[in-house]
Amino acid sequence: MKKKVIFLIITLFLIKPSVHALSYSGCEYSTVSRYKSFVTNVNISYDYRIVNGSVYFDVTLTNIVPGMYFRDSETGKTYTYSNTVNGEITIKNYTGNSGNYKFYPTTQGCNNILLGTKYYKFPIYNSHYNDPLCSDIPNYGLCQRWVKNNLNYSEFKRLVLEYKQSLEEKPEMIEPEQISKGFIDVIIDFYVKYYYLLLPILIIICVIIIFNQNKKNRFNL
């Protein structure tokens, strides 16, 4: 029994295990994991320009690192770190509403592995935003800068004019202060306003009445 145990131990020491790094479709997991974390750190922001009534969006990506590239779903173009300035790149003149960037590693054997996706989405510009009809009703829905508005100009004009007409026909709300007050309300308001003058006078009048009444009662005795 002891000989078998000794033989097993010697056999285990003589066998050289072959350790291979975990792979991901031929690419090491450590490489994929590292670049996935880089993609997570990529930030996206956008700005816009309005030219001749049309809006154009410019997207800025930051924290791009060497060893990765990304593809724009809107244009199909591919960008690498060499297209950036210290990891920052601005892609201009988008006119669509949304899209995404898919990131891949440039490492040999890994360049078809998707590392992550970053999405962009733009608000819908209202082409009638600066129309003179909106000058006096800037808060009206169809006059907002960012609102979906597929109306042609004649439909837009009709709806705006109908809205303005509805404002003119709406009866003016009467504020409570404008409602005529009754006689008693006027007396109360007058007293509240001048009570510091009226109160002493009322006290003096009451004292005189009480004094005269007591005097009459005393003579009647």
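One structure accompanies this document, and this report is about it. (Residues numbered from 1 in each chain as written. Predicted model: local features only at pLDDT ≥ 70, side-chain atom pairs only at ≥ 80, totals over all residues. Heavy atoms only, no water.)

Remarks on the sheet that holds strand β4 (residues 54–62)
The three strands lie next to each other as β3-β4-β7, forming an open sheet whose pairing is antiparallel. Across the chains shown, the open sheet's two edge strands, defined by having one partner strand only, are β3 (43–51) and β7 (89–94). Sheet twist, expressed as the average angle between the axes of neighbouring strands with direction ignored, equals 20 degrees. Of the pairings in the sheet, the one linking β3 to β4 comprises nine bridges and is antiparallel in character. The residue bridging Tyr46 from the neighbouring strand is Val59, located in β4. (Pairing = 2+ DSSP bridges. Helix = DSSP H or I, 4+ residues; strand = E, 2+ residues; numbered from the N terminus. Axes fitted to C-alpha atoms, helices over the stretch in contact; angles between N-to-C directions.)

Quick notes on the state of the cysteines
Applying the stated criterion across every chain, the model contains one disulfide. Across the disulfide from Cys134 sits Cys143; the S-S distance is 2.1 Å. Residues Cys134 and Cys143 are joined through a disulfide that is left-handed, its torsion about the S-S bond being -75 degrees. There is no split in this pair, since Cys134 and Cys143 are both buried. (Disulfide = S-S within 2.5 Å. Buried < 20%, exposed > 50% of the residue type's maximum accessible area, 1.4 Å probe, protein only.)

Concerning the nonpolar core
Formed by 25 residues in total, the largest nonpolar core has its most connected members in Leu61, Phe70, Ile91, Tyr94, Tyr101 and Phe103. Counting residues per element, the ones that place at least two in this core are α2 (29–40), β4, β5 (68–72), β7 and β8 (98–105). By residue number, the principal contributor to this core is β4, which donates four residues. If we ignore the near neighbours within four places in the chain, the residues touching Leu61 are Val42, Asn43, Ile44, Phe70, Gly87, Glu88, Ile89, Ile91, Tyr101 and Phe103. With eight residues, the next largest nonpolar core counts Ile137, Leu142, Cys143 and Phe156 among its residues. (Core = buried A, V, L, I, M, F, W, Y, C linked by side-chain atoms within 4.5 Å. Contact = heavy atoms within 4.5 Å.)

Quick word on unusual backbone geometry
Positive phi values are uncommon outside glycine, yet Asn63 reaches one of about 70 degrees. Assignment of secondary structure puts Asn63 in the loop between β4 and β5.

Observations concerning the sheet that holds strand β9 (residues 116–121)
On the basis of which strands lie adjacent, the open sheet formed by four strands has the order β6-β5-β8-β9 and antiparallel pairing. Two strands close off the open sheet at either side, each with one partner strand: β6 (78–80) and β9. In this sheet, neighbouring strand axes are inclined to one another by 25 degrees on average, regardless of whether the strands run parallel or antiparallel. Of the pairings in the sheet, the one linking β5 to β6 comprises three bridges and is antiparallel in character. Counted as the bridge partner of Arg71 is Thr78 from β6.

Some remarks on the environment of Val85
Structurally, Val85 can be placed in the loop between β6 and β7. In the structure, Val85 is positioned 23 residues away from Thr62 in sequence and 9.3 Å away in space, judged by C-alpha atoms.

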